Every structure is written in structure tokens, then in C-alpha cells.
Amino acid sequence: MAAADLAALRFVQQHVPGDAAVRTATVLSHAGEHAAAWIGVGALGALVDRRRRRDWVVATTAVVAAHGASVVLKRVARRHRPVDHRVHVRVGVPSRWSMPSSHATSTTAAALAFAPLLPVPTWPLVPAMALSRLVLGVHYPSDVAAGTALGALTQAAVRSAAGRLAERGGRA
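What this report covers is the structure whose coordinates are included nearby. (Residues numbered from 1 in each chain as written. Predicted model: local features only at pLDDT ≥ 70, side-chain atom pairs only at ≥ 80, totals over all residues. Heavy atoms only, no water.)

### Observations regarding a nonpolar patch on the surface
A cluster of nonpolar side chains, Leu 44, Leu 47 and Val 48, forms an exposed patch at the surface whose accessible area comes to about 330 Å². As for its placement among the helices and strands, Leu 44 is situated in helix 3 (residues 36–48). (Patch = residues over 30% accessible without salt bridge, like charges linked within 9 Å, V, L, I, M, F, W, Y side chains within 5 Å. Areas by Shrake-Rupley, 256 points an atom, 1.4 Å probe, with all protein chains shown as cover. Salt bridge = Lys/Arg side-chain N within 4 Å of Asp/Glu carboxyl O. Helix = DSSP H or I, 4+ residues; strand = E, 2+ residues; numbered from the N terminus.)

### As for the packing of helix 3 against helix 4 (residues 53–77)
Running from amino to carboxyl end, helix 3 crosses helix 4 at an angle of 165°, the nearest separation of the two axes being 8 Å. Judged on the interaxial angle alone, helix 4 and helix 3 are roughly antiparallel. Like other packed secondary-structure pairs, helix 3 and helix 4 cross with a definite hand, here left-handed. On the side of helix 3, the interface is formed by Trp 38, Ile 39, Val 41, Gly 42, Ala 43, Gly 45, Ala 46 and Leu 47, while helix 4 contributes Arg 53, Trp 56, Val 57, Thr 60, Val 63 and Val 64. Looking at the contact of helix 3 with helix 4, its residues break down into 10 nonpolar, 3 polar and 1 charged. (Axes fitted to C-alpha atoms, helices over the stretch in contact; angles between N-to-C directions. Parallel < 35°, antiparallel > 145°, perpendicular 65-115°, else oblique. Left-handed = near helix turned anticlockwise from the far one by under 90°. Contact = heavy atoms within 4.5 Å. Nonpolar A, V, L, I, M, F, W, Y, C, P; charged D, E, K, R; others polar.)

### Remarks on the packing of helix 3 against helix 5 (residues 102–114)
What describes two packed helices is the angle between their axes and the distance between those same axes. Interaxial distance between helix 3 and helix 5 falls to 9 Å at its minimum, and their mutual angle equals 25°. If you check the angle between helix 3 and helix 5, you find them roughly parallel. Handedness of the crossing formed by helix 3 with helix 5: left-handed. Contact with helix 3, carried on its side by Trp 38, Val 41 and Gly 42, involves Ser 106, Thr 107, Ala 110 and Phe 114 of helix 5 and no other residues of that element. Broken down by class, the residue content of the contact of helix 3 with helix 5 amounts to 4 nonpolar, 3 polar and no charged.

The analysis is restricted to geometry; functional conclusions fall outside its scope.
Here it is in C-alpha cells:
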């Protein structure tokens, strides 16, 4: 598995074209750091869309929960980021742990949670963020796959819990 992961990472770095891809990946990386951009979108939505404020709060809670879950799982998995002289690391990272990708986790949760609230498709964010982590050389493909799955599962769990609370008369 490790050899295939490294080979896939190297393939992406060799075949995704040049400076524009690196610049785009870097912008996505900064936006996704600690889920800041997605939390900002959720907070802004809750502030300006009073009619759907509860939905925005639930969606943003899913993003925060997904990011938190990824940070905890990184410390459990303790998988090191790619270290190979043939991998070009093009951005700084907050920790040495890579599994799961927190960027992929929070972005997937945000794309799913915000989809019914925004007038534009959010799904393209998921493959874009996942690919960006490989272009920048900071994750293996299995890290972003695990992050994507964790983000989807966390978002679904938060949405389900909020729905159950609402059915019982709570204000989740």
C-alpha cells in the first residue's frame, strides 16, 4: 500500500502542470487551513440568512466537528507526511501527521453541508482540495481519501443528530 501511495503521489506531481496548479493549490491550502474559510462561510451565512440560520449553524457545526475529528485521528494514526526526495513539498504544514487530511475532511463536510444553502455547486471543492494536497506534496492519496470519507461521515452524523434533536423539540 505504501509503495502504491507514493507512486500515485509522484504521478500527480509529475503530471499536473506547473506554476498555475501550484498557485491554485496554495490558495486552497491557505483557505482550508484549520477549516477557516469554511467556518467563515458558515458564520456569514448564519449572520445574513436569518430564515435559515439554524441550517447554517448545523452546517458549520458539521465542519468544525469534521475538522476536530481529523485532528484527533491524526494523533491516533501517527502517520508521517510524505518523506521522499522525489516528492516536492511546496507549502508549510502545522504538524508532521498526515492521516487523514484535515483539509480534505473539512472541505468535504463543508461541500456537503453547505450544498443546500448556497446557489452554486459545492461538490467541485472536494476533488480540487484533495488534488491540491497531492500537488503540494503534503499528503498521500490515501490520506485525502480517508479525509474525504471522514468529512462525509461526520457531516451526515451531525445532520442526523440535529434532525433528531429538532424532532424532539430541541433547537439544534
